[in-house]
2 protein chains.
Amino acid sequence: MKTYATPQSDALYGRAKAVIPGGIFGHLGASVRATGPKFFSHADGARFWDVDGNEYMDYMCAFGPMILGYNHAAVDAAAARQHRLGNTVTLAAPVMVELAERLVERVAAAEWALFGKNGTDSTSLAVMVARAATGRAKIVKVQGCYHGVAPWMRAGQPGHTESDGADILTVPWNDAGAFERLIGEHAGEIAGFISSPYHHPVLADNELPADGYWPRMEALCRANGIVLITDDVRAGFRINLAGSNVAFGYTPDLICFGKAIANGHPLAALVGSEALKQTAQEVFFTGTQFFSSPPMAAAIATIDALETSDAVRRMGDVGRALCDGLVDVARTHGHTLVASGPPTMPYLRLAEVSQETHFAWIDECVKRGAYFLGFHNHFLSAAHTEADVQRTCDIADAAFSALREAAVAA
Amino acid sequence: MKTYATPQSDALYGRAKAVIPGGIFGHLGASVRATGPKFFSHADGARFWDVDGNEYMDYMCAFGPMILGYNHAAVDAAAARQHRLGNTVTLAAPVMVELAERLVERVAAAEWALFGKNGTDSTSLAVMVARAATGRAKIVKVQGCYHGVAPWMRAGQPGHTESDGADILTVPWNDAGAFERLIGEHAGEIAGFISSPYHHPVLADNELPADGYWPRMEALCRANGIVLITDDVRAGFRINLAGSNVAFGYTPDLICFGKAIANGHPLAALVGSEALKQTAQEVFFTGTQFFSSPPMAAAIATIDALETSDAVRRMGDVGRALCDGLVDVARTHGHTLVASGPPTMPYLRLAEVSQETHFAWIDECVKRGAYFLGFHNHFLSAAHTEADVQRTCDIADAAFSALREAAVAA
């Protein structure tokens, strides 16, 4: 391989630190590595290029939004057409109604939709609707889950107060018994249960729901008047276009969407049941930029393209091939690679080695052009191909060899 | 005038109600009137057209974002250029750094910047930074203020719990004495004071700061280690490009921007002082869509265009001409029109009549093509002209005549 280096990224990172706390903030800041790229120059299909000209097959897909490939012609054309009519205007755009109709038609549990910009908007609104509908305050979430950065879900982190977390309770993942006990301890106090459809924590294997878990959780919610909220922000549109819950055999009252809903155009949505429609109308929820119309046109085009290209099945096939291929490559090097979660969103962990070795292997893959992340699930897109998988397996093979050479040299 | 009607808006509103709680939600829902337009078909410059083909001079400017005119060529071209490179990608875009540098250069109190999508993102982050910096929980805000829809600022509204408001205290506007007393009652407990630079409540005349108010508030914050947060989301870029605080003679620690920052492209920002930079780095703040790069390019182009066109002064001149003209027209009809707030953001109230008559006059203006809102401040843009003002005054004149005719007929 040619010598890998990122001097332009590093120089720009230096400039960034002067004017942005941390230089790069949020999840993009958390994923900055000493040796990795820090800024992109351009992106296309399943690839991006950093500011040093290095090319990467992208298995993070912008942390989810990119589901059809970067710069998808039909999606971007739909957004541009709407943009020419008007972006953020004093009135609502007709396309808002068309998108709501499309989501109601497309998503099994949706009888209405509201729009925001980020997952945090959807999850915060969902919690407010649950509280308004029940007249109760407590929200139950799963330990180690992530539902955004609003104060109500940031217990113990900087900037968080005791009162922010006063009404938040937690249960372990896949533990309906713990939820049932909690209901008993807080009889008549629990407004809602919020959870992703499967468990996708950071720095840990991802876990699918156990057999019977979701039907039992749904029954407990129904029996106790608890609003069942699915946070499908991360997994939405990569498991089932009708809602990830459909794949796991249950029906939530509210579903939060974000990330992939418009292939990178800024949009989020909350959809819900007819029973909660009146309450959703009574909770005041707004944002200046919520009504920007091009992302709504992009969302319709994204759903159209996902449907007509059978994208979920194809992403699953490519994702399975990737996971199987990487596990095989690891084995030939005497390593055990664990791929967890759905094949369209695999979490990769090099087992039986130190976390340092795991991250070193990830870094060796990145500098050879396969962009992985050591502490987070990955994302497949409809733009990834079998040829990408083959090339990625070759890169993983070379990365393992480099690890061994480094160990021998040390 | 030709017969004014909005059958297409009304029909689409009917469809909307089937799939969106309330049909149109948030502030756009709150501003829907029985006789007014409900959906736009297209927009250009200072005008929009509704789905029935009616044309309006727009004095709401999308509730603030539109500051240079709809579909501004230079801004939209800058966004499109960045879009072709990549929208929301796995890495940050160089334009994020360029925008942070531009804000630090442009905004007097800014030594760093962080980005979000809506005003609520900025205000919620500001409150978290204030709490993290001080290790205190209480936030003081002004009665009747609006800082977004996050639970922490929604006391008493549906979906809100007691714990959400547990650490929020309020003082009346322009009352530094009340703030001083509150500091005494909560010694060492107050993390921050958040306020808009002038008071712009709904359904009430807007109020500028009294002489000496802001210097005294700033001194009280400094003396008591309280973080001073200016919510410039609504007024930002319409009073002073260096921050509205500059016009009122004080220096906040944090300034929240949103709305007009990118002329309708979805973006918000928090800027702050060097002293709070490390704390801002420690507060985890993110959103998938925060890193969409075209709005950042749009923001740079917006600031460029505002600077080079001397837009703030020109908007002020046109706004003063509008307010003076409308007041004169009202007087010729025996009415007293009160225009309050800065001339670029006038709040209009027809005094000495019932609220019903006030709203009837607004409606008569709207159906003649001057889009006003009865309960909210208005916004001027750099695309509004003296000719628009003249035409608007003629419309206002006809609207007063129509009011009198309706009263005679009743």
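Residues numbered from 1 in each chain as written. Chains lettered and ligands numbered in written order. Predicted model: local features only at pLDDT ≥ 70, side-chain atom pairs only at ≥ 80, totals over all residues.

Draft legend 1. Unusual backbone geometry, seen in detail. Residues and elements named next belong to chain B. The phi dihedral of Cys61 falls on the positive side, at around 50°, and the residue is not glycine. By the element assignment, Cys61 lies in the loop between strand S3 (55-58) and helix H3 (73-85). A positive phi angle is found at Phe63, which is not glycine, with a value near 65°. In this fold, Phe63 is placed in the loop between S3 and H3. For Phe63, a count of 23 C-beta atoms within 10 Å corresponds to the buried category. (Helix = DSSP H or I, 4+ residues; strand = E, 2+ residues; numbered from the N terminus. Buried ≥ 20, exposed ≤ 12 C-beta atoms within 10 Å, placed from the backbone.)

Draft legend 2. Structural detail: the sheet that holds strand S6 (residues 168-171) of chain B. Residues and elements named next belong to chain B. Strand order in the open sheet made by the seven strands is S4-S10-S9-S8-S7-S5-S6, with mixed pairing throughout. Two strands bound the open sheet, and with one partner strand each, they are strand S4 (112-116) and S6. Direction aside, the axes of adjacent strands within the sheet are offset by 20° on average. Note that strand S5 (residues 138-142) and strand S7 (residues 190-195) share four bridges and pair parallel. Looking at S7, one finds that Ile139 is bridged to Gly192. Along the sheet, helix H4 (residues 94-106) makes contact with S4 and strand S10 (268-272), crossing S4 at roughly 125°. (Pairing = 2+ DSSP bridges. Axes fitted to C-alpha atoms, helices over the stretch in contact; angles between N-to-C directions. Contact = placed C-beta atoms within 7 Å.)

Draft legend 3. Seen up close, the domain arrangement of chain A. All names here are of chain A. We note that the domain assignment places domain 1 (7-68 + 310-409) and domain 2 (73-308) within chain A. With centres defined by C-alpha atoms, the gap from domain 1 to domain 2 works out at 27 Å. Each partner contributes residues to the interface: domain 1 has 20 residues there, and domain 2 has 22 residues. Put simply, the parts of the chain that give the side of domain 1 that touches domain 2 at least two residues each are helix H11 (311-332), strand S11 (336-340) and strand S12 (347-351). Of the residues forming the side of domain 1 that touches domain 2, the biggest block, three residues, is contributed by H11. Residues that form the side of domain 1 that touches domain 2 fall into these classes: 13 nonpolar, six polar and one charged. (Domains from an automatic or database assignment. Nonpolar A, V, L, I, M, F, W, Y, C, P; charged D, E, K, R; others polar.)

Draft legend 4. Examining the packing of helix H3 (residues 73-85) of chain A against helix H10 (residues 294-308) of chain A more closely. Residue and element names in this part refer to chain A. It is the contact of H3 with H10, at a shortest axis distance of 8 Å, that shows an interaxial angle of 150°. If you check the angle between H3 and H10, you find them roughly antiparallel. Crossing of H3 over H10 shows right-handed handedness. Along the contact surface, H3 presents Ala74, Val75, Ala78, Ala79, Arg81, Gln82 and His83, while H10 presents Pro294, Pro295, Ala297, Ala298, Ile300, Ala301, Thr302 and Ala305. (Parallel < 35°, antiparallel > 145°, perpendicular 65-115°, else oblique. Left-handed = near helix turned anticlockwise from the far one by under 90°.)

Draft legend 5. Region of the structure containing H3(A). In this model H3(A) runs 19 Å from its N-terminal to its C-terminal C-alpha over 13 residues, within 8% of the 18 Å that 1.5 Å per residue would give. Along H3(A), the positions that sit buried rather than exposed are A:Val75, A:Asp76, A:Ala78, A:Ala79, A:Gln82, A:His83 and A:Leu85. Where H3(A) is buried, its residues touch helix H4 (94-106) and H10 of chain A together with strand S1 (40-44) of chain B. (Expected span 1.5 Å × (residues − 1).)

Draft legend 6. Just the packing of H4(A) against H10(A), in detail. Residue and element names in this part refer to chain A. H10 packs onto H4 with a crossing angle of 30° between their chain directions and a minimal axis gap of 9 Å. In terms of orientation, H4 and H10 fall into the roughly parallel class. The two elements H4 and H10 cross, and the hand of that crossing is left-handed. Of H10, the residues touching H4 (which contributes Val95, Met96, Glu98, Leu99, Arg102 and Arg106) are Met296, Ala297, Ala299, Ile300 and Ile303. Residues belonging to the contact of H4 with H10 are distributed by class as follows: eight nonpolar, no polar and three charged.

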